[in-house]
Amino acid sequence: MNDRELSCSAGGQFMDRGRMNQNGVVQPLLTDLYQITMAYAYWKSDKTDDTAVFDLFFRNNPFHGEFTIFAGLEECLKFLDSFHYSQSDIEYLKQTLPEGIEHEFFEYLGNLTARDVTLYAIDEGTVAFPRVPIIKIEGPLIIVQLLETTLLTLVNYASLMATNAARYRMVAGKHVKLLEFGLRRAQGPDGGLSASKYSYTGGFDGTSNVLAGKLFNIPVKGTHAHAYITSFSSIGELKTRLLKHKQTGIMEDLLEHAIRHRAMLSHLLDVSTEESSEGELAAMVSYAIAFPDGFMALVDTYDVKSRETEQTNTEPKLISKIKTENSPPKLKPSTNGHQNGQINGQINGHKTNGHQNGIAQNGGKSPKDTKIQDTKTSTTTTTTTATTKATLKTTTVSNGTAYLPKYVEKSFRSGLLNFSAVALALNDLGYHALGIRIDSGDLAYLSCLARESFEKVAERFKVPWFNKLTIVASNDINEDTILSLNEQGHKIDCFGIGTHLVTCQRQPALGCVYKLVEINGQPRIKLSQDVEKVTMPGNKNAYRLYSADGHALIDLLQKVSEPPPAVSQKVLCRHPFQESKRAYVIPSHVESLYKVYWKSGKICQQLPTLEQVREKVQISLKTLRNDHKRTLNPTPYKVAVSDNLYNFIHDLWLQNAPIGELS
């Protein structure tokens, strides 16, 4: 067993190679079978000395946008650094490949390394555009062919994930924190780790993924689950009530302080203590004792006691009760930025995470997707009943908008009351709570309600830091949700985003391709009736031309034999396939996009840290005009070829295109 296999067996998926963590899954056999069968056919055809150039690029930007963030380069370099078929790899291939493969081929494979490969790439974290190769590979035909699938899998998801995260960062704004909560919804463990790494690259501030924090030095953040709250049913279950005062060191009863503050807060927040859950209070006190300097509580777990009577009634009575008790009261415009009578819920099939007439709606979801939090009182355990489902059915009105009953709002207010009481109790003992997390309901409305409540508490109890408590929101958030919340004037300080981020639900794949463009110095072109799939042949260089205001104007591809474009010199830029589309550009700055990252078996550049790549993303995005980055109908960024390359492409096209015959 070789070093790689030993490291995999002993250390798990990631191996410590000193300079950088090496993912043990990424190895030469992480490829498609046809790469190895082609390698044998090349070898059989005596092409071992042939050299080739491959371009790795994508054809379309993801998420209906006009930019892509290039990521995954470091992983590609790790792969080249460790590329070698182990003895067990060779034995497996002997059993797997068709019979008749000559023994000498396996000896050839066993001696292959990436020493003779040269890799050119744009910097990781740079904005990239369709058809401009983000990686260019030169080297022996067989080895660069064998690299194809692995390089694609390392770049495709990484770039897609970083781009998705960057888009979330742009819509959230620079002052709102973004946390990645997607491990449990990711496509397996490796997908979860990659999502954590590349969401951080794209602009997120932290992750809930502890292993990702260890491996990539990403800040790890988290609160607690509903399970912790529901594990307590009464204050009698509190086995520890004492907490040491931060300054004096004297042990004091935190629960006693919290109960005293809850009584005073009840009138201020207009929530009866009888409507709040003692189990919830007990859970929060317990958690605060465990983390007095880091108390962040989930505040929407429990229903209120008044709901017990609702659930014991028959369904006809329930329907009647909902109709009478939940008649919409008038809502002040200041709560969500909309006038009375306006609906921020689902209107004509369009979702907005809204609030109608003071009745909370679950994140703007359609009725069939709406979930009501489990009920919990001081004497009963949480259950989801048929009555709950009936409530959903009976609160759908003729315009298609689903209303949640008032107890959803009251449930949140109960959590808010208990949290505020515990936070003030901590304050008595010299500690400051961090904030709350909201995981359901109308996030815009509830965040405004929470902020208003915190301001009241701050003024009434003379605790200015209460104004600054963090409000975290989760609950199946996507890019459109944040845009809608922005329109509604939310008061959320931090979003915890999982499913839509890590699975890239709007577009699950970037679609990078790896195409042969030159062999033994001779250009190669792939023709297709679909012009989008016609490749741009030959070994090329790429340049980014900038305007006087510092914004990127256009990316220009040239043959490597051409001199680079010069500052203040007129350059003819042409669309690669449309003859009439052309323009002169006089650049104020010219950036050569490619650097040699791998040559002669060594990494040739100082690799940036993850933090530096993260900074690079934001710097690179700033070079784009806002109309290229906007969410709705962004302006396409232009990619062009030089006049010389244009003529070269079309001459080669004519040479290779078959001539039809009419009879």
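Quick notes on the rules
- Residue positions within a chain follow its written sequence, with the count starting from 1.
- Owing to the predicted nature of the model, reporting of local features is limited to residues with pLDDT of at least 70; listing and counting of side-chain atom pairs is limited to 80 or more, with chain, interface and lining totals taken over all residues.
- The side-chain quantities take in all heavy atoms of the structure and omit both hydrogens and water.
- Two rings from Phe, Tyr or Trp (for Trp, the six-membered ring) form a pair when their centres sit within 6.5 Å of each other. Planes less than 30 degrees apart are called stacked, planes more than 60 degrees apart edge-to-face, and all others tilted.
- Strands here mean DSSP runs of E at least two residues long; helices mean DSSP runs of H or I at least four residues long; both are numbered from the N terminus.
- Per-residue accessibility, obtained with a 1.4 Å probe over protein chains only, is compared with the maximum for each type, and a residue is labelled buried under 20%, exposed over 50%, and partly exposed between these values.
- Charges are assigned to positions over rings by a cutoff of 6 Å between ring centre and Lys NZ or Arg CZ, combined with an angular limit of 35 degrees from the ring normal.
- What counts as a salt bridge is simple: a side-chain nitrogen of Lys or Arg found within 4 Å of a carboxyl oxygen of Asp or Glu.
- Only C-alpha atoms enter the line fits that serve as axes; for helices the fit covers just the stretch in contact. Angles between N-to-C directions range over 0 to 180 degrees.
- Here the angle decides the label: under 35 degrees means roughly parallel, over 145 means roughly antiparallel, 65 to 115 means roughly perpendicular, and every other value means oblique.
- Crossings are classed by handedness, with left-handed meaning an anticlockwise turn of the near helix from the far one by less than a right angle and right-handed meaning a clockwise turn.
- Two residues form a contact once any of their heavy atoms are found within 4.5 Å.
- The nonpolar class holds Ala, Val, Leu, Ile, Met, Phe, Trp, Tyr, Cys and Pro. Asp, Glu, Lys and Arg form the charged class, and all remaining residues, Gly among them, are polar.
- The rule for pairing is simple: two strands pair if DSSP sees at least two bridges between them.

Draft legend 1. Just the packing of aromatic side chains, in detail. Throughout the structure, instances matching the rule amount to 18 aromatic pairs. Both rings, one in tyrosine 40 and one in phenylalanine 105, keep their centres 5.1 Å apart while their planes meet at 75°; by these two values the pair is edge-to-face. Here phenylalanine 105 lies in helix α5 (residues 103–110) and tyrosine 40 lies in helix α2 (residues 33–44), a separation of 65 residues in the sequence. Overall, phenylalanine 105 belongs to the buried group, its relative accessible area being 0%. Above the plane of the ring of phenylalanine 461 lies arginine 460, whose end atom (NZ or CZ) is 5.0 Å from the centre. Sitting over the ring of tyrosine 584, lysine 570 keeps its end group 4.9 Å from the ring centre.

Draft legend 2. Structural context of the pattern of salt bridges. In the structure shown here, the tally under the stated rule is 21 salt bridges. Lysine 78 is the salt-bridge partner of glutamate 75, the closest N and O atoms lying 2.8 Å from each other. Remark: lysine 78 and glutamate 75 occur in helix α3 (residues 73–82); sequence separation between them is three residues, near one turn of the helix. Residues glutamate 75 and lysine 78 agree in their burial class; the two are buried. Residues aspartate 123 and lysine 616 are paired through a salt bridge, measuring 3.9 Å at the closest nitrogen-oxygen approach. Of this pair, aspartate 123 sits in the loop between β5 (118–121) and β6 (127–128) while lysine 616 is found in helix α20 (residues 610–622), placing the two residues 493 residues apart along the sequence. Three or more residues are tied together by salt bridges with common partners; here these are Glu75, Lys78 and Lys197.

Draft legend 3. Structural context of the packing of helix α4 (residues 87–96) against α5. Interhelical geometry of α4 versus α5 gives an angle of 150° and a closest axis separation of 10 Å. As the angle between them shows, α4 and α5 are arranged roughly antiparallel. Our pair here, α4 against α5, has a crossing hand that is right-handed. For the pair formed by α4 and α5, the contact residues are Ile90, Leu93 and Lys94 on the first element and His103, Phe106, Leu109 and Gly110 on the second. In the contact of α4 with α5, the residues fall into four nonpolar, two polar and one charged.

Draft legend 4. Representation of the packing of helix α11 (residues 254–269) against helix α17 (residues 443–461) in the model. Where α11 meets α17, the closest approach of the two axes is 11 Å, and the angle between their N-to-C directions is 120°. In this view, α11 runs oblique relative to α17, as classed from their interaxial angle. For the crossing formed where α11 meets α17, the hand is right-handed. Contacts from His261, Met264, Leu265, Leu268 and Leu269 of α11 reach α17 at Ser453, Lys456, Val457, Arg460 and Phe461. Its residues assigned to classes, the contact of α11 with α17 comprises six nonpolar, two polar and two charged.

Draft legend 5. Broad picture of the sheet that holds strand β7 (residues 135–140). Here we have seven strands laid out as an open sheet, ordered β17-β16-β3-β7-β5-β23-β24, and antiparallel in their pairing. Where the open sheet ends on each side, the last strands, each with one partner, are β17 (522–523) and β24 (602–603). Summarising the sheet, strand β3 (residues 51–57) and strand β16 (residues 513–519) pair through six bridges and their orientation is antiparallel. Paired with aspartate 55 across the two strands is lysine 515, which belongs to β16. In the packing of α3 onto the sheet, contacts are made with β5, β7, β23 (595–599) and β24, and the angle to β23 comes to roughly 25°.

Draft legend 6. The arrangement of the pairing of β23 in detail. Pairing analysis gives three bridges linking β5 to β23, with the strands arranged antiparallel. If you follow tyrosine 120 over to β23, its bridge partner there is valine 596. Pairing of β23 with β24, which is carried by two bridges, proceeds in the antiparallel orientation. If you follow lysine 599 over to β24, its bridge partner there is lysine 602. Taking the residues that link successive antiparallel strands as the turn, the β23-β24 hairpin has two residues, and the phi of serine 600 there is positive, at about 55°.

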